[in-house]
Amino acid sequence: MKYTIIRTAYWSTIRKLSENFDAQTLFVWDVDGTLIYSNDVVFYPQYLKLDAHDFCVECLGSTKKDGVQDRQWVQNRWYHVWRSLPFTLMDPSVSETIRDLQARNICNMALTFLIVCSLEGKDFVQWRIDQLKKLGIDFSSAFGGYAEVQLEEILQEDELEVSKEKWIYAPAYKNGVLLTHNFSKGRCLGVLLKRLNRVPERIFFVDDLEENVSSVGQLCKELGIDFVGIHYTGFENLPRADTWSKKVVRDKWEAFSRTGKWPLPTNIEGVVVE
């Protein structure tokens, strides 16, 4: 078994490496910060782990719901804003890279940490699928076009039950896109492959977070298959990244609270707005 992890900030490196693999390889792609990003510095992928919800809770003020600082209410609104923002490809050749692999009969799928639930009548699973398609990325041919599955095994193993109030949902796979709902990526991918009875000779996985690369790498060790993990740090090259601050987050949230509209970035080309 071969186990390799490479760190790069350049998509051209990933594309060049991808040319060396065949149909015995499963290509697995993270989404946010790897394939696409929300073109607003507040939601840049390298800052998502800072959990800016807390900054917004601090400045709720007159927007308190029923007089209580309701973090879940803020979280709901935060996802609403994020979903409505412009998105663009991390690199102009992202979609072409994936299409080239698919043209060689190589299976490609997405593995995203995104939540599974619906907000305001919009299902995040379908939203993510449609969002990627608008940017030229279509994973629906993965696993021979296998359509849809809920990974209830994950909840059962943790003795959890679906709860809308507590935001507990089973990871979901649909048309080549697996949403883990914040469960471990390696764990969810392993359950999916077991459910589909599909174990490739190797997995080529790209993610902007090193811990996710290690998680999928550990799965490959358990399965006894080759692993090529790419810790992709293309976010280092995003424009205006140094303008992020708690103050920027609070100022935008306060403007949103007053007007109901999030202050959008301007002069953006090649973006998808929901």
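Residues numbered from 1 in each chain as written. Predicted model: local features only at pLDDT ≥ 70, side-chain atom pairs only at ≥ 80, totals over all residues. Heavy atoms only, no water.

**Focus: the sheet that holds strand 2 (residues 25-29)**
Adjacent strands of a sheet form backbone hydrogen bonds with each other and so pair up, either parallel or antiparallel. Filter applied, for reference: For two strands to be treated as a pair, DSSP must find at least two bridges joining them. Think of it this way: any DSSP run of H or I at least four residues long counts as a helix, any run of E at least two long counts as a strand, and we number them from the N terminus. Structural elements are reduced to axes, namely lines fitted to C-alpha atoms, with helices fitted over the stretch in contact, and the angle between N-to-C directions of any two is expressed from 0 to 180 degrees. Contacts between residues were defined by any pair of non-hydrogen atoms, one from each residue, lying within 4.5 Å.
Taken together, the eight strands give an open sheet; going across it, the order is 1-12-11-2-5-10-9-8, and neighbouring strands pair in mixed fashion. What marks the edges here is a single partner per strand, and that holds for strand 1 (3-8) and strand 8 (148-150). Within this sheet the neighbouring strands show an average axis-to-axis angle of 15°, counted without direction. Here strand 1 pairs with strand 12 (residues 226-232) via six bridges, running parallel. Pairing of tyrosine 3 across the sheet is with phenylalanine 227, part of strand 12. Packing of helix 9 (residues 210-223) onto the sheet brings it into contact with strand 1, strand 5 (107-112), strand 11 (202-207) and strand 12, and relative to strand 12 it is tilted by some 175°.

**A look at the pattern of salt bridges**
The line we're drawing: Definition used for salt bridges: Asp or Glu carboxyl oxygen within 4 Å of a side-chain nitrogen of Lys or Arg. Note on classification: 1.4 Å probe, protein chains only; a residue is buried when its accessible area is under 20% of the maximum for its type, exposed when over 50%, partly exposed between these limits.
Under the counting rule described, the total for this entry stands at 15 salt bridges. Close ionic contact of arginine 7 with glutamate 236 constitutes a salt bridge, the shortest N to O distance being 3.0 Å. Here arginine 7, found in strand 1, pairs with glutamate 236, found in the loop between strand 12 and helix 10 (246-259); they are 229 residues apart in sequence, far enough to count as distant. Between arginine 187 and aspartate 158 there is a salt bridge, with its nearest N and O atoms 3.0 Å apart. In this pair, arginine 187 sits in helix 8 (residues 185-196) while aspartate 158 sits in the loop between helix 7 (152-157) and strand 9 (172-174), placing the two residues 29 residues apart along the sequence. The exposure class assigned to aspartate 158 is partly exposed, which follows from its relative accessible area of 33%. Look at the salt bridges and you will find they share partners, linking Arg15, Glu96 and Asp100 into a network.

**Details of the side chain of aspartate 40**
In this structure, aspartate 40 sits in the loop between strand 3 (36-38) and helix 2 (45-48). By relative accessible area, which is 1% here, aspartate 40 ends up buried.

**Comments concerning the pairing of strand 5**
The buried fraction of strand 5 is high, at six of six residues. Taking every second residue as pointing to the same face, both faces of strand 5 are buried, with Cys107, Met109 and Leu111 on one and Asn108, Ala110 and Thr112 on the other. As defined by bridge partners, strand 2 adjoins strand 5 across four bridges and the pair is classed as parallel. Looking across to strand 5, one finds that phenylalanine 27 is bridged to asparagine 108.

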